[in-house]
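Understanding the architecture of this molecule
Now for the letters of each chain:
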Amino acid sequence: MKKFLLSFLAVLVLFCGAMANSQITNLTFAEDNSSFSVCVIGEASKDVKPDLAKIFASIETLDMDAKNSKNLNLDTFSEVVSALTDFGITEEDIVLESYTAYPSYDYTAGKTLTGYYTLTSFSVDVVDLENVKPLIDLMTEKGVTSIRSLNFEVSNLDEIYNEVLAEALQNAESKAKQLTKKTELQIVDINEESQYYSTSLYKNYSDSLQSSQFIGDLTIKAKVVVKYI
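Parameters and conventions
- Residues numbered from 1 in each chain as written.
- Predicted model: local features only at pLDDT ≥ 70, side-chain atom pairs only at ≥ 80, totals over all residues.
- Heavy atoms only, no water.
- Helix = DSSP H or I, 4+ residues; strand = E, 2+ residues; numbered from the N terminus.
- Expected span 1.5 Å × (residues − 1).
- Buried < 20%, exposed > 50% of the residue type's maximum accessible area, 1.4 Å probe, protein only.
- Arc of directions from axis to C-beta.
- Contact = heavy atoms within 4.5 Å.
- Polar contact = N/O pair within 3.5 Å; in protein donor to acceptor, adjacent residues only side chain to side chain.
- Core = buried A, V, L, I, M, F, W, Y, C linked by side-chain atoms within 4.5 Å.
- Phe/Tyr/Trp six-rings, centres within 6.5 Å; stacked < 30°, edge-to-face > 60°.
- Pairing = 2+ DSSP bridges.

Here helix α2 (residues 66–87) contains 22 residues, and its C-alpha end-to-end distance of 32 Å stays within 8% of the 32 Å for a straight helix at 1.5 Å per residue. Regarding α2, the residues found buried are Ser69, Asn73, Thr76, Phe77, Val80, Val81, Ala83 and Leu84. Projection of α2 onto a plane perpendicular to its axis shows the buried side chains occupying an angular sector of 165 degrees, all on one side. Those residues of α2 that are exposed and aimed more than 90 degrees away from the buried face are Lys67 and Asp86. Next to the buried residues of α2 lie β3 (52–63), β4 (94–106), β5 (112–126) and α3 (132–141). Measuring from the side-chain oxygen of the N-cap residue of α2 to the backbone nitrogen of Lys67 gives 3.0 Å; that N-cap residue is Asp65. Residue Gly88 follows α2 closely and has a positive phi angle near 125 degrees.

Laid out in structure tokens, this is it:
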């Protein structure tokens, strides 16, 4: 019987792992009903207002002289950084993401050199969401050619996620007790699957964006697959 139960539990562990994508619960008893195992999925979520933003921008220059292209690009980047620090952004919140330089060719009529591209990409962390639009305006005025993306975050993500994770575990326990009609259960296996995504749709950048009221909530989710006996 002991050997049978060990084999039974091993199979159930594999079954619980597969359940993570199937969204089902499973209650199984040993052949003689002397023991049981239940595998359930617990989920929870919480909507929160973001309090941080990250602007991803780039500066692109093209010149027939490679050196001029690079110098113009780096000079523009320096002007942007200077303007940002004058605005109140610290240098630690301005991160150089990438720098590339390469020749550009036109292949429509043979291989013809059209110039040398230089591309500098960087990000800016913003701690006051009311400054997002003014900062985008400032950067474009100083030579930024592209705002590649705008992400919103929460500063205490770990704290909030841990709260949601605890709620997901409570949800799993509640399901297990409802299925088994037991008041006391023991966890023998648990698998955590975290999810963190934004449901906010920040409207396309335009002069109509005046405040953070256009920013939607972030939804923080947690999911656990738990086996009880």
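What follows picks up the thread again.
Ranked by internal contacts, the top residues of the largest apolar core, which has 23 residues, are Leu84, Phe122, Val124 and Met139. Of all the secondary structure elements, the ones that give two or more residues to this core are β3, α2, β5 and α3. Setting aside anything within four residues of it in sequence, one finds Leu84 in contact with Ile89, Ile94, Phe122, Val124, Leu135, Leu138 and Met139. With 18 residues, the next largest nonpolar core counts Val48, Ala168, Leu218 and Val224 among its residues.

Glancing now at the packing of aromatic side chains. Applying the stated criterion across every chain, the model contains 3 aromatic pairs. With 6.2 Å between their ring centres and 55 degrees between their planes, Tyr105 and Tyr107 make a pair best called tilted.

All right, on to the pairing of β5 then. Where β3 and β5 come together, 11 bridges link them in antiparallel fashion. By the bridge assignment for β5, Ser58 is matched with Ser121. Two strands pair when backbone bridges link them, and β4 and β5 are joined in this way by 12 bridges, in the antiparallel orientation. Residue pairing across strands places Val95 opposite Ser123, the latter belonging to β5. In this structure, the hairpin formed by β4 and β5 is closed by a connection of 5 residues, where Gly110 is found at a positive phi of approximately 85 degrees.

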